[in-house]
Amino acid sequence: MTVTILDGKLVAGEVKKQVARQAENLAKLGTKPFLATIQVGDDPASTSYLKAKHKAAEEVGIGSEHHHLAADTSQSKLEALLGQLNTNPKVHGILVQLPLPREFDEDAIIEKVIPYKDVDGLHPINAGRLSAGKETLVPCTPKGIVKLLSHYKVPIASQFVVIINRTTLVGRPLANLFLNRDATVTVCHSKTVNLAQTTRAADILVSAVGREDFQIKPEHVKSDATVIDVGLTRVEGKLRGDVDFDNVSPLARFITPVPGGVGPMTVACLLENTVEATKIQTRRGQKEPSNS
Ligand code: GUN
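Residues numbered from 1 in each chain as written. Predicted model: local features only at pLDDT ≥ 70, side-chain atom pairs only at ≥ 80, totals over all residues. Heavy atoms only, no water.

Chemist: I'd like a rundown of the overall build of the chain, residues and numbers included.
Modeler: Along the backbone of the chain there are ten helices and eleven strands. In summary, the chain has a C-alpha radius of gyration of 19 Å against a globular reference of 19 Å for 292 residues, a match within 12%. By the burial criterion, 48% of the 292 residues in the chain qualify as buried. As presented, the chain carries roughly 14,000 Å² of accessible surface, and 51% of it is formed by carbon and sulfur atoms. (Helix = DSSP H or I, 4+ residues; strand = E, 2+ residues; numbered from the N terminus. Rg over C-alpha atoms; globule rule 2.2 N^0.38 Å. Buried < 20%, exposed > 50% of the residue type's maximum accessible area, 1.4 Å probe, protein only. Areas by Shrake-Rupley, 256 points an atom, 1.4 Å probe, with all protein chains shown as cover.)

Structure, rendered in structure tokens:
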């Protein structure tokens, strides 16, 4: 069996078409979906991700605004901005680009976003719902991965999934999405011993490490496995993923490229979440919200 490349750019394009149709319908009914993003400081990677998010929002008819705060902004100033965005009826989605500068209490900031505007799906209420099997606003990268697999009809139920990442942004929500779809899931991380022994058993292997000194090699991968590369590292000026693509792809049944794999799916799912959040809020009829 030859390898199939999971084309994230192509599938993201289809998701964006659907989102554009839904955004148009909402606008016709009087509510144009609207996304507010916040960046604190000048991390170049964050700047380029945000640029891509705003460009994509414009393409599908989602309004957006960006708030750029200096790195030395106080926690309370950022919280005050979130308070304003939470109560602004024009704004349906709020995204605080992570990571925040070290001085910030990131968890407190995430909890400050009202859950039904939390298009990143990171608020403990949304994360808790996901872990209880109820998917409302789901983190964009995990959602994009599952959508990409579904598009290519890669089976998930009863498959052994190994995820190398335990963050609240990627590994944990992704493990829950797979569990909700009846996979058997193992989560690996920096303290895992015998990583290759575990990953070699995976039917679906997801790697989201993003370190120069880490690479998924053929000895990590079972023949005919599905390999999802979420890593993005700059090595000698060039961006590369976690996976040694040239040597691993001949072994795999399905594999994502970098770039053009998971990245575009993340952006498409942010747009989808913004439309979803808009629908939740128009159902509420814009009345003063309770905390859910
Ligand atoms: N930093 C890297 N990826 C993401 C993401 O999906 N959302 C946010 N808010 N920050 C990120």
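Chemist: I'd like a description of empty space enclosed by the protein, backed by residues and values.
Modeler: Under the counting rule described, the total for this entry stands at one cavity of 30 Å³ or more. The calculated volume of the largest cavity comes to roughly 80 Å³. The wall of the largest cavity is formed by Ile-94, Leu-95, Val-96, Leu-98, Ile-109, Ile-110, Val-113, Asp-118, Asp-120 and Leu-122. Sorting the residues of the lining of the largest cavity by element identifies β4 (93–96) and α4 (106–112) as the ones contributing at least two each. In terms of residues, the lining of the largest cavity owes the most to one element, β4, which gives three residues. Per-class residue counts for the lining of the largest cavity are eight nonpolar, no polar and two charged. (1 Å grid on protein atoms, 1.4 Å probe; cavity = no way out; pocket = protein on both sides within 12 Å on 5 of 7 lines; lining within 4 Å. Points joined across faces, edges and corners; volume = space filled by probe spheres on them. Nonpolar A, V, L, I, M, F, W, Y, C, P; charged D, E, K, R; others polar.)

Chemist: Can you tell me about the side chain of Lys-53, naming the residues and giving the values?
Modeler: With respect to the secondary-structure elements, Lys-53 resides in helix α2 (residues 44–59). Of the side chains with opposite charge, Asp-120 comes closest to the buried, unpaired Lys-53, at an N-O distance of 5.6 Å. Residues contacting Lys-53, with those up to four places away along its chain left out, are Leu-95, Gln-97, Val-267, Leu-270 and Leu-271. (Lys, Arg positive; Asp, Glu negative; His and termini not counted. Salt bridge = Lys/Arg side-chain N within 4 Å of Asp/Glu carboxyl O. Contact = heavy atoms within 4.5 Å.)

Chemist: Got a sec to walk through the side chain of Thr-266? Specific residues and values, please.
Modeler: Within the element layout of this structure, Thr-266 appears in helix α10 (residues 262–283). Here Thr-266 falls in the buried class, since its relative accessible area comes to 17%. A distance of 2.9 Å separates polar atoms of two side chains, one belonging to Thr-266 and the other to Thr-141. Here Thr-266 is in contact with Cys-140 and Thr-141, once residues within four sequence places are set aside. (Polar contact = N/O pair within 3.5 Å; in protein donor to acceptor, adjacent residues only side chain to side chain.)

Chemist: Describe the packing of helix α1 (residues 8–28) against helix α6 (residues 140–151), naming the residues involved and giving the relevant values.
Modeler: Two elements in contact, α1 and α6, have axes separated by 10 Å at closest approach and are oriented at 100 degrees. In terms of orientation, α1 and α6 fall into the roughly perpendicular class. Here Gly-8, Val-11, Glu-14 and Val-15 of α1 lie close against α6, whose contacting residues are Lys-147, Leu-148 and His-151. Among the residues forming the contact of α1 with α6, the class breakdown is three nonpolar, two polar and two charged. (Axes fitted to C-alpha atoms, helices over the stretch in contact; angles between N-to-C directions. Parallel < 35°, antiparallel > 145°, perpendicular 65-115°, else oblique.)

Chemist: Explain the layout of surface pockets residue by residue, including any values.
Modeler: The volume enclosed by the second largest pocket comes to roughly 280 Å³. For the lining of the second largest pocket, the class distribution of residues is five nonpolar, five polar and two charged.

Chemist: Give me helix α3 (residues 75–87): which residues, what numbers.
Modeler: In this model α3 runs 19 Å from its N-terminal to its C-terminal C-alpha over 13 residues, within 8% of the 18 Å that 1.5 Å per residue would give. Of all the residues in α3, the buried ones are Leu-78, Leu-81, Leu-82, Leu-85 and Asn-86. Angular distribution of buried residues about the axis of α3 spans 140 degrees; they occupy a single face of the element. Opposite the buried face of α3, by more than 90 degrees, sit the exposed residues Ser-76, Lys-77, Gln-84 and Thr-87. Residues of α3 that are buried in the fold lie against β2 (34–40), β3 (63–69), β4 and α4. (Expected span 1.5 Å × (residues − 1). Arc of directions from axis to C-beta.)

Chemist: I'd like a rundown of the sheet that holds strand β5 (residues 160–164), residues and numbers included.
Modeler: Taking strand neighbours across the sheet as the criterion, the six strands line up as β1-β11-β8-β7-β5-β6 in an open arrangement whose pairing is parallel. Every interior strand has two partners, whereas the edge strands, β1 (4–5) and β6 (184–188), have only one. Bridge count for strand β8 (residues 226–229) against strand β11 (residues 254–255) is two bridges, and the pairing is parallel. Within β11, the position partnered with Val-227 by the bridge is Ile-255. (Pairing = 2+ DSSP bridges.)

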